[in-house]
Amino acid sequence: MDMSTTCSRAGRSLDLLPIRSSTDAVVAGALATDRCLSQGFPARASREVGIAAAELASNIVRHAGIGELEIDVSEERALLTAIDSGPGIADTQAALEDGFSRGRHLTDPDEPMISLGCGLGAVARLMSRVDIRSRPGGGTVVEAEKRREPSSR
Ligand SMILES: Nc1ncnc2c1ncn2[C@@H]1O[C@H](COP(=O)(O)OP(=O)(O)OP(=O)(O)O)[C@@H](O)[C@H]1O
Ligand SMILES: [Mg+2]
């Protein structure tokens with residue numbers, strides 16, 4: 001996590017983290033949670049953003065090798081942007097479905113479980129909005145936003 005860039009001013013924090021290992025993914029999750037707490041997000045919402053950040057970063061490591069995660073948090077919303085130049089995703093809609101992993105649906109119960117294919121689905125459930133921009137061979141950008149409930153301000 002050397003080389004990370006942090007910028008903070010009243011009412012907003014912005015971090016750009018290089019993601020190269022599963023340790024980076026865990027640290028990114030903890031940092032995202034901290035940034036949300038600092039901006040006054042409730043504890044549960046802050047942890048949800050942290051889980052989403054760790055999942056997006058771990059997808060970079062697992063499916064693309066290396067990339068970057070931007071964590072942009074204000075009092076109104078947390079915006080995560082995961083960017084990589086990896087192999088891309090052919091069917092972004094299917095990738096959001098639970099049980100879809102590495103280009104296909106996991107249907108055979110006897111197959112060794114490498115993953116559940118539930119990561120992006122979980123991100124969609126935890127956040128207010130998820131947008132995936134990707135094409136095969138062209139890298140992937142996943143943007144996930146959580147808006148803060150007006151009642152918690
Ligand atoms: N950054 C990425 N680059 C390329 N493909 C990706 C990327 N992120 C996700 N994918 C594709 O989308 C699929 C679904 O991702 P998802 O996170 O839901 O499941 P998973 O990573 O396979 O398993 P799990 O997250 O449950 O351990 C992945 O299997 C992979 O094929
Ligand atoms: Mg995943």
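For the structure itself, look to the data block above.
These notes cover the structure that comes with them. Since the model is a prediction, treat every value here as computed from it, not as a measurement.

Time to look at the overall build of the protein chain. A tally of regular secondary structure across the protein chain gives 4 helices and 8 strands. In the protein chain, the succession of helices and strands from N to C terminus is β-β-α-α-β-β-α-β-β-α-β-β. For the C-alpha atoms alone, the extent of the protein chain along its principal axes is close to 50 × 35 × 25 Å. Taken across its 153 residues, the protein chain has 32% of its residues classed as buried. Long-range pairs, those at least 24 residues apart, make up 58% of the contacts in the protein chain between residues at least 6 apart in sequence.

Moving on to the packing of helix α1 (residues 22-38) against helix α2 (residues 43-64). At a minimum axis separation of 7 Å, α1 and α2 run at an interaxial angle of 155°. The angle between α1 and α2 falls in the class roughly antiparallel. For the pair α1 and α2, the crossing hand works out as right-handed. Taken together, the residues of α2 that come into contact with α1 (itself represented by Ser22, Asp24, Ala25, Val26, Ala28, Gly29, Ala30, Ala32, Thr33, Cys36 and Leu37) are Ala43, Ala45, Ser46, Arg47, Val49, Gly50, Ile51, Ala53, Ala54, Ala57, Ser58 and Val61.

The geometry of α2 relative to helix α4 (residues 119-126) is characterised by a closest axis approach of 9 Å and an angle of 150° between their N-to-C directions. Here α2 is positioned roughly antiparallel relative to α4, judged by the angle of their axes. Regarding α2 and α4, the two cross each other, and that crossing is left-handed. Only Gly119, Ala122, Val123 and Leu126 of α4 make contact with α2, whose side of the interface consists of Glu48, Ile51, Ala52, Glu55, Leu56 and Asn59. Its residues assigned to classes, the contact of α2 with α4 shows 6 nonpolar, 2 polar and 2 charged.

In this section: the site of ligand 1. Inspection of the region around ligand 1 gives 23 residues, with Asn59, Ala95, Ser101, Ser115 and Gly119 positioned closest. Elements with a contribution of two residues or more to the shell around ligand 1: α2, β5 (100-101) and α4. With 5 residues, the single largest contributor to the shell around ligand 1 is α2. Of the residues contributing to the shell around ligand 1, the split by class is 9 nonpolar, 11 polar and 3 charged.

Once that is clear, we can look at the pairing of strand β8 (residues 140-147). Side chains of β8 alternate between two faces, with Thr140, Val142, Ala144 and Lys146 buried and Val141, Glu143, Glu145 and Arg147 left unburied. Sheet analysis places strand β4 (residues 77-84) next to β8, joined by 8 bridges and oriented antiparallel. Its bridge partner being in β8, Asp84 is matched across the sheet by Thr140. Judged from the 6 bridges that link them, strand β7 (residues 129-134) and β8 form a sheet pairing that is antiparallel. Of the residues in β8, the one forming a bridge with Ile132 is Val142. From the end of β7 to the start of β8, which pair antiparallel, there are 5 residues, and Gly137 there has a positive phi angle of about 80°.

Within soluble globular proteins, side chains that are nonpolar tend to cluster in buried spots. Counting residues in hydrophobic clusters, the biggest one holds 30 residues, and the most contacted among them are Ala28, Ala53, Leu56, Ala57, Leu69 and Leu80. Going through the elements one at a time, β2 (12-19), α1, α2, β3 (67-74), β4, α4 and β8 are the ones with two or more residues in this core. If you tally residues by element for this core, the top one is α2, at 8 residues. The contact partners of Ala57, leaving out residues within four places of it in the chain, are Ile19, Asp24, Ala25, Ala28, Leu69 and Ala82.

The end-to-end C-alpha distance of α1, which contains 17 residues, comes to 25 Å, matching closely the 24 Å that a straight helix rising 1.5 Å per residue would cover. Turning to α1, its buried residues number three or more, namely Asp24, Ala25, Ala28, Gly29, Leu31, Ala32, Thr33, Arg35 and Cys36. Two residues or fewer after α1 comes Gly40, characterised by a positive phi angle close to 90°.

Scoring rules and cut-offs
Residues numbered from 1 in each chain as written. Chains lettered and ligands numbered in written order. Predicted model: local features only at pLDDT ≥ 70, side-chain atom pairs only at ≥ 80, totals over all residues. Helix = DSSP H or I, 4+ residues; strand = E, 2+ residues; numbered from the N terminus. Buried ≥ 20, exposed ≤ 12 C-beta atoms within 10 Å, placed from the backbone. Contact = placed C-beta atoms within 7 Å. Axes fitted to C-alpha atoms, helices over the stretch in contact; angles between N-to-C directions. Parallel < 35°, antiparallel > 145°, perpendicular 65-115°, else oblique. Left-handed = near helix turned anticlockwise from the far one by under 90°. Nonpolar A, V, L, I, M, F, W, Y, C, P; charged D, E, K, R; others polar. Near = placed C-beta within 6 Å. Pairing = 2+ DSSP bridges. Core = buried A, V, L, I, M, F, W, Y, C linked by C-beta atoms within 7 Å. Expected span 1.5 Å × (residues − 1).

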